[in-house]
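Examination of the molecular architecture
Listed below, chain by chain, are the residues.
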Amino acid sequence: MSLLVAITGGIGAGKSYISNILFKYGYKVYDCDSRAKILMTKNKTLKLALIDIFGNDIIDCNGCINRELLASIIFNNRCLLEKLNSLVHPVVIEDIKLWSENNRNENLLFVETAILNESGVDKIVDKVVYVDANEELRINRVMKRNSTDYSSVRKRIQNQSNNSQITDFTIINDGAVPVIPQLESVLGQLKTL
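Every chain is numbered on its own, with residues counted from 1 as its sequence reads. Under the rules for a predicted model, residues below a pLDDT of 70 receive no local features and side-chain atom pairs below 80 are neither given nor counted, while totals for whole chains, interfaces and linings still include all residues. Excluded from the side-chain calculations are hydrogens and water; all other atoms, namely the structure's heavy atoms, are used.

Our next topic: the packing of helix α4 (residues 67-74) against helix α5 (residues 78-102). Axis definition: a line fitted to C-alpha atoms, over the contacting stretch in the case of helices. Angles run 0 to 180 degrees between N-to-C directions. Helix and strand assignments follow DSSP, with helices taken as H or I runs no shorter than four residues and strands as E runs no shorter than two, numbered in order from the N terminus. Look at α4 against α5: their axes get within 8 Å of each other, and the N-to-C directions meet at 130 degrees. Put simply, α4 runs oblique to α5. Mapping the contact onto sequence places L70, I73 and I74 in α4 and L80, L81 and L84 in α5. For the contact of α4 with α5, a count of residues per class yields six nonpolar, no polar and no charged. What sets the label is the angle itself: under 35 degrees gives roughly parallel, over 145 gives roughly antiparallel, 65 to 115 gives roughly perpendicular, and the rest give oblique. Throughout, a residue-residue contact means that at least one pair of heavy atoms, one from each residue, lies within 4.5 Å. By the convention adopted, Pro, Cys, Tyr, Trp, Phe, Met, Ile, Leu, Val and Ala count as nonpolar, Lys, Arg, Asp and Glu as charged, and the other residues, Gly among them, as polar.

Structure, rendered in structure tokens:
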């Protein structure tokens, strides 16, 4: 049976960077954000529920969910965001369980998620690795990556919960402390569990 390990941290902390290293090392990594986007279109029950709440306008000309439009609808509406999450998160959890079952011969499996608690991922993983970087560095990374402004990124950071208090391991990704030795130390400890 596999040990299921969450990779979490705030926006711009470097979750995907750590996940990419793990992938290059040969580990399987489930990316919650990417899979949620796919499931919103591929899972017919979820897609119909989204249309029921947000209307037919969220479907683009290819029959896919227009994520940009959906994001603009929920951006400043906490109630609609919670409705969206209440539909998407359970589907993602079931997808993780299926993926984990299909890869049960692996010793370690990783799940990359920005919203560990709210999504319910914290309840199905065995261990949590928190990727950390200071806020200014995170803001600069996201501004560069997404070509967006400072205040928009800052607002997203303020809206995200802090998962650092429920972590088993922390990796500092500040550009000063080498990441690879930290990750290899975490992997070494995980392999002994």
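On we go.
Attention shifts here to the sheet that holds strand β3 (residues 108-112). Strand order in the open sheet formed by five strands is β2-β3-β1-β4-β5, and the pairing between neighbours is parallel. Every other strand in the sheet has two partners, leaving β2 (28-31) and β5 (169-172) as the edge strands with one partner each. Strand-to-strand twist across the sheet, computed as the mean angle between neighbouring axes with direction ignored, equals 25 degrees. The pairing of strand β1 (residues 3-8) with β3 spans five bridges and is parallel. Of the residues in β3, the one forming a bridge with V5 is F110. Helix-sheet contacts for helix α1 (residues 15-24) involve β1, β2, β3, β4 (127-132) and β5, and the interaxial angle to β1 is about 145 degrees. The strands that helix α2 (residues 32-42) touches are β2 and β3; relative to β2, the one it contacts most, it runs at about 55 degrees. At least two bridges found by DSSP between two strands are what make those strands a pair.

Two rings from Phe, Tyr or Trp (for Trp, the six-membered ring) form a pair when their centres are within 6.5 Å of each other. A pair whose planes differ by under 30 degrees is stacked, one over 60 is edge-to-face, and the rest are tilted. Tallied over the entire structure, the rule returns two aromatic pairs. Between Y27 and F110, the ring centres sit 5.5 Å apart and the planes meet at 85 degrees, which makes this aromatic pair edge-to-face. Here Y27, found in the loop between α1 and β2, pairs with F110, found in strand β3; they are 83 residues apart in sequence, far enough to count as distant. Neither Y27 nor F110 differs from the other in exposure class; each is buried. Relative accessibility thresholds used throughout: buried, under 20% of the residue-type maximum; exposed, over 50%; partly exposed, between the two (1.4 Å probe, protein chains only).

So, about helix α9 (residues 179-191). Since one α-helical turn is 3.6 residues long, residues separated by three or four positions face the same way. Given the number of residues in a helix, its expected span is that number minus one, multiplied by 1.5 Å. The end-to-end C-alpha distance of α9, which contains 13 residues, comes to 18 Å, matching closely the 18 Å that a straight helix rising 1.5 Å per residue would cover. Every buried residue of α9 is listed here: V179, Q182, L183, V186, L187 and L190. In a view along the axis of α9, the buried residues occupy a sector of 135 degrees, so they form one face of it. Summarising the geometry of α9, the exposed residues directed more than 90 degrees from the buried face are P181 and K191. Buried residues in α9 make contact with β1, α1, β3, β4 and β5. Note that the arc is computed from the directions linking the helix axis to the C-beta atoms.

What follows concerns the environment of F75. Counting through the fold element by element, F75 comes out in the loop between α4 and α5. Since its relative accessible area comes to 45%, F75 is described here as partly exposed. A C-alpha to C-alpha distance of 9.7 Å links F75 and R156, two positions 81 residues apart in sequence.

Below, the discussion takes up the pattern of salt bridges. Note on definitions: salt bridges are taken to be side-chain nitrogens of Lys or Arg within 4 Å of carboxyl oxygens of Asp or Glu. In the structure shown here, the tally under the stated rule is five salt bridges. Of the charged contacts in the structure, one is a salt bridge between D33 and K37, with a shortest N-O distance of 3.2 Å. Highlighted residues: D33 and K37, both in helix α2, separated by four residues, approximately one helical turn. Taking the shortest distance from any N to any O, the salt bridge between D122 and K123 comes out at 3.9 Å. Judged by its relative accessible area of 26%, D122 is partly exposed.

Successive side chains on a regular strand alternate, one facing one side of the sheet and the next facing the other. The alternating pattern of β5 places F169 and I171 on a buried face and T170 and I172 on a face that is not buried. Sheet topology places β4 next to β5; four bridges connect them, and they run parallel. Paired with V129 across the strands is F169, a residue of β5.

Next up on the list: the packing of α1 against α9. Here α1 crosses α9 at 65 degrees, and the two axes come no closer than 12 Å. The interaxial crossing formed by α1 with α9 has right-handed handedness. For the pair α1 and α9, the contacting residues are Y17, I18, I21 and L22 in the first and V179, I180, L183 and L187 in the second. Taken together, the residues of the contact of α1 with α9 break down into eight nonpolar, no polar and no charged. If you view the pair so one helix is near and one far, a crossing is left-handed when the near helix is turned anticlockwise from the far one by less than a right angle, and right-handed when it is turned clockwise.

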